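Each chain, written out:
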Amino acid sequence: MHAHGASLPGSADLSATVLGRLARLLEHFLGTLVAFAAAVLVVLEILILGAGVAARYVFHAPLVWSDELASILFLWLSMLGAVIALQRGEHMRMTGLVTRVSPQTRALLEALAITAAIAFLVMILPHALEYAEEENFIVTPALEISNAWRAAALPTGIGLMLVVALLRLIRFGAWKPVLVAAALTAGLIALFWLAGPVLKPLGKLNLLVFFVGVVALNVFSGVPIAFSFALATFGYLSLTTSTPMLVMVGRLDEGMSHLILLAVPLFIFLGALIEMTGMARAMIQFLASLLGHVRGGLSYVLIGAMYLVSGISGSKVADMAAIAPVLFPEMRARGAKPGDLVALLSATGAQTETIPPSIVLITIGSVTGVSIAALFTGGMLPAVVLGVALCFVVWWRYRGEDLSHVARQPKRVMARLALIAAPAIALPFVIRAAVVEGVATATEVSTIGIAYAVLAGLLIYRQFDWRRLPKMLVETASLTGAIIFIIGAATAMAWGLTQSGFSRDLAQAMASVPGGHWGFLGISILAFVVLGSVLEGIPAMVLFGPLVFPIAKAVGIHEVHYAMVVIFAMGIGLFAPPFGVGYYGACAISKINPDDGLKYIWGYMLALLVGLIFVAAFPWISIGFLRN
């Protein structure tokens, strides 16, 4: 799985033709226009939510319209971000098979990924237009404007994605794979349409056909996960039920419009600010001064730095990218094996999945109704437990390290680095305190973090590159679009599964597992390790969270405790080879061959599993600090 599409084959690049050059020109113009609009929307979201916090907490005069306006703009931001992600090839997809086949087959699969997306966009666009028209009769409560202003984002975004996908197809490397992919896509759609009368009487067996067969075929072929979910859901609902496709568009809208998801783009932007202002580097340098002179010291620093930085950016790749370039050169100079470095970096990605304000925590709160503040509080100590487990492995592996050439930093230097790092180290705690103490909601608190980071960059660290802001805003929009579009597609898919009665059957099957709540925890760990390796974190949580959390509550497991267990299980799957995308992301950032880390990573994964079992066995670790 990969967050970036493979580059288009260039052996017979059609950009050399008049049509190819025209397509490239149009795509560049459209991309620039959409990127500018999306960047403006990110800025507006920050300003509106920040104004809402200031008005309520400082001036005690709440802006009743701020959340509503932010919600309207957020749907537009998400759809335009999805357009940018499609243009850049940044929608999450599994490329394990795509990268292991011959160049000819790879070109075919790359073309198929585009034609499959086009097929869904063409089929859903008329229904999205109808949905926007239906929303015209609804008036928003605060702004008192037609809800069509918000709903119009769906057909607009879908239409723009369709244009972008067609332009990408036109400038593809060769016509042959494009024509074969188009024929395969059209043939499969026609085959399913003709088989409709046969499929309908199959009842729940259609769940296997569409939500296992179609999803697996698309995902392993390299089709973006969001479009894989969407195609399966569209096929299931249109061919085996009498549900109007207007309902599917409504479920897409519902999944993408949770108010809590407004935090996603703002935390992503905050993560970019932390790296740009030098705050991440300051934290790492201080930790290195404390532990750099002990055996395995910089490995301990890596674990601690990921704990402090993790969760703020919304992207584990961004967290790792802020830390690895600072630490790895010195670790290599001390003789650390490249494979061990990338293995530990990947393991810390899984270990810090519950560090607030994690986007996974926010997503769970959004789809299951669990308190975000409780999840933020509950996520701190379990990550410490898994961190300690990793430290044991580090101690064992580096117990014979030669440090004769490493000098201990003087206390005066350590004090100076501590003073420099203090504002950066304080930021995560400021964010968490603001949520827990009720100063701001989980949605709004990101604006406090952004204001803090901007002021720290300008006034304290004197490092603020204004020229990088446009790029950071566009990258924020792109990652937001990729994440939120998956959530929308997974929400529609989860609704289809629920309507089929699958959730009831799943509840009965999991509730019948021997061993009561211990048996349920065990089967959940196994299930989410697999789901994490195949679907990645957010899609897995959106799809299965609403199904399994009520079961956990019914068998007597605290929701926050259960959230910690399944997040860690999913993280282990996400960062473990051979399928986990997180592992390959760590390799890409470190510029280390994935094969080099295989020898070292299993010790870390075993430590994480032991830590997970410990967290699962002692619920107090997750819920001991919650307010009654």
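Further up the page is the structure itself.
Source: prediction; values computed, not measured. (Residues numbered from 1 in each chain as written. Predicted model: local features only at pLDDT ≥ 70, side-chain atom pairs only at ≥ 80, totals over all residues. Heavy atoms only, no water.)

Undergrad: Just to check I follow, could you spell out the overall build of the protein chain for this structure?
TA: When helices and strands are tallied, the protein chain shows 28 helices and zero strands. For the protein chain, the C-alpha radius of gyration of 24 Å lies close to 25 Å, the compact-globule estimate for 628 residues. Of all 628 residues assigned to the protein chain, the portion counted as buried reaches 57%. Sequence-distant contacts, at least 24 apart, represent 81% of the contacts inside the protein chain between residues at least 6 apart. Looking at the protein chain as shown, the accessible area adds up to about 25,200 Å², and 69% of this sits on carbon and sulfur atoms. Across the protein chain, the centroid of the 36 positively charged side chains sits 11 Å from that of the 30 negatively charged ones. (Helix = DSSP H or I, 4+ residues; strand = E, 2+ residues; numbered from the N terminus. Rg over C-alpha atoms; globule rule 2.2 N^0.38 Å. Buried < 20%, exposed > 50% of the residue type's maximum accessible area, 1.4 Å probe, protein only. Contact = heavy atoms within 4.5 Å. Areas by Shrake-Rupley, 256 points an atom, 1.4 Å probe, with all protein chains shown as cover. Lys, Arg positive; Asp, Glu negative; His and termini not counted. Charge placed at Lys NZ, Arg CZ, Asp CG, Glu CD.)

Undergrad: Would you take a moment to explain the packing of aromatic side chains for this structure?
TA: Think of a pair of aromatic rings as described by two things: how far the centres are apart, and how the planes are tilted against each other in angle. Scanning the model with the defined rule gives 11 aromatic pairs in all. Ring geometry for phenylalanine 192 against phenylalanine 210: centres 5.5 Å apart, planes inclined by 40 degrees, an arrangement best described as tilted. Placement of phenylalanine 192 in helix α6 (residues 175-194) and of phenylalanine 210 in helix α8 (residues 205-220) is noted, with a sequence separation of 18 residues between them. Seen from their ring centres, phenylalanine 614 and phenylalanine 618 are 4.8 Å apart, and the 45 degrees between their planes marks the pair as tilted. Directly above the aromatic system of tyrosine 604 lies the positively charged group of arginine 397, at a separation of 4.5 Å from the ring centroid. (Phe/Tyr/Trp six-rings, centres within 6.5 Å; stacked < 30°, edge-to-face > 60°. Lys NZ or Arg CZ within 6 Å of the ring centre and 35° of its normal.)

Undergrad: So what exactly am I meant to see when it comes to unusual backbone geometry here?
TA: Trans peptide bonds make up most of the peptide bonds, and negative phi angles are found at most residues other than glycine. Despite not being glycine, histidine 60 has its phi angle at roughly 55 degrees, a positive value. By the element assignment, histidine 60 lies in the loop between α1 (18-58) and α2 (66-88).

Undergrad: Mind showing me how you'd approach the pattern of salt bridges here?
TA: Note on pairing: side chains with opposite charge can pair once their charged atoms come close. A full pass over the atoms with the stated rule returns seven salt bridges. Across the salt bridge formed by glutamate 90 and arginine 88, the nearest N and O atoms sit 3.9 Å from each other. (Salt bridge = Lys/Arg side-chain N within 4 Å of Asp/Glu carboxyl O.)

Undergrad: Just checking my understanding: could you explain the packing of helix α10 (residues 245-256) against helix α21 (residues 469-499) for this structure?
TA: Each pair of packed helices can be summarised by the angle the axes make with each other and by the distance between the axes. Viewed as axis vectors pointing N to C, α10 and α21 meet at an angle of 130 degrees, and their least axial separation amounts to 7 Å. In terms of axis orientation, α10 runs oblique to α21. Between α10 and α21 lies a crossing whose hand is right-handed. In this structure, α10 contributes Val247, Met248, Arg251, Leu252, Gly255 and Met256 to the contact, and α21 contributes Ile484, Phe485, Ile487, Gly488, Ala489, Thr491, Ala492 and Trp495. Counted by class, the contact of α10 with α21 contains 10 nonpolar, three polar and one charged residues. (Axes fitted to C-alpha atoms, helices over the stretch in contact; angles between N-to-C directions. Parallel < 35°, antiparallel > 145°, perpendicular 65-115°, else oblique. Left-handed = near helix turned anticlockwise from the far one by under 90°. Nonpolar A, V, L, I, M, F, W, Y, C, P; charged D, E, K, R; others polar.)

Undergrad: Even after reading the chapter, I still don't get the nonpolar core, so can you show me in this structure?
TA: In summary, soluble globular proteins display a tendency toward joint burial of nonpolar side chains. If you look at the biggest cluster of nonpolar residues, it comprises 221 residues, and the most contacted ones within it are Phe120, Met161, Phe227, Leu327, Phe528 and Tyr562. Ranked by the residues each element gives to this core, the list is headed by α21, at 16 residues. Other than its neighbours up to four places away in sequence, tyrosine 562 contacts Phe520, Leu521, Ser524, Phe528, Val548, Phe549, Ala552 and Ile557. (Core = buried A, V, L, I, M, F, W, Y, C linked by side-chain atoms within 4.5 Å.)

Undergrad: Hey, could you run me through the environment of leucine 427 in this one?
TA: For leucine 427, the location among the structural elements is in helix α19 (residues 411-436). Along the sequence, leucine 427 and alanine 456 sit 29 residues apart, while their C-alpha atoms lie 9.8 Å from each other. In this structure leucine 427 touches Leu270, Ile274, Met279, Gly449 and Tyr452, once residues within four positions along its chain are discounted.

Bear in mind that shape data such as this cannot, by itself, settle questions of function.
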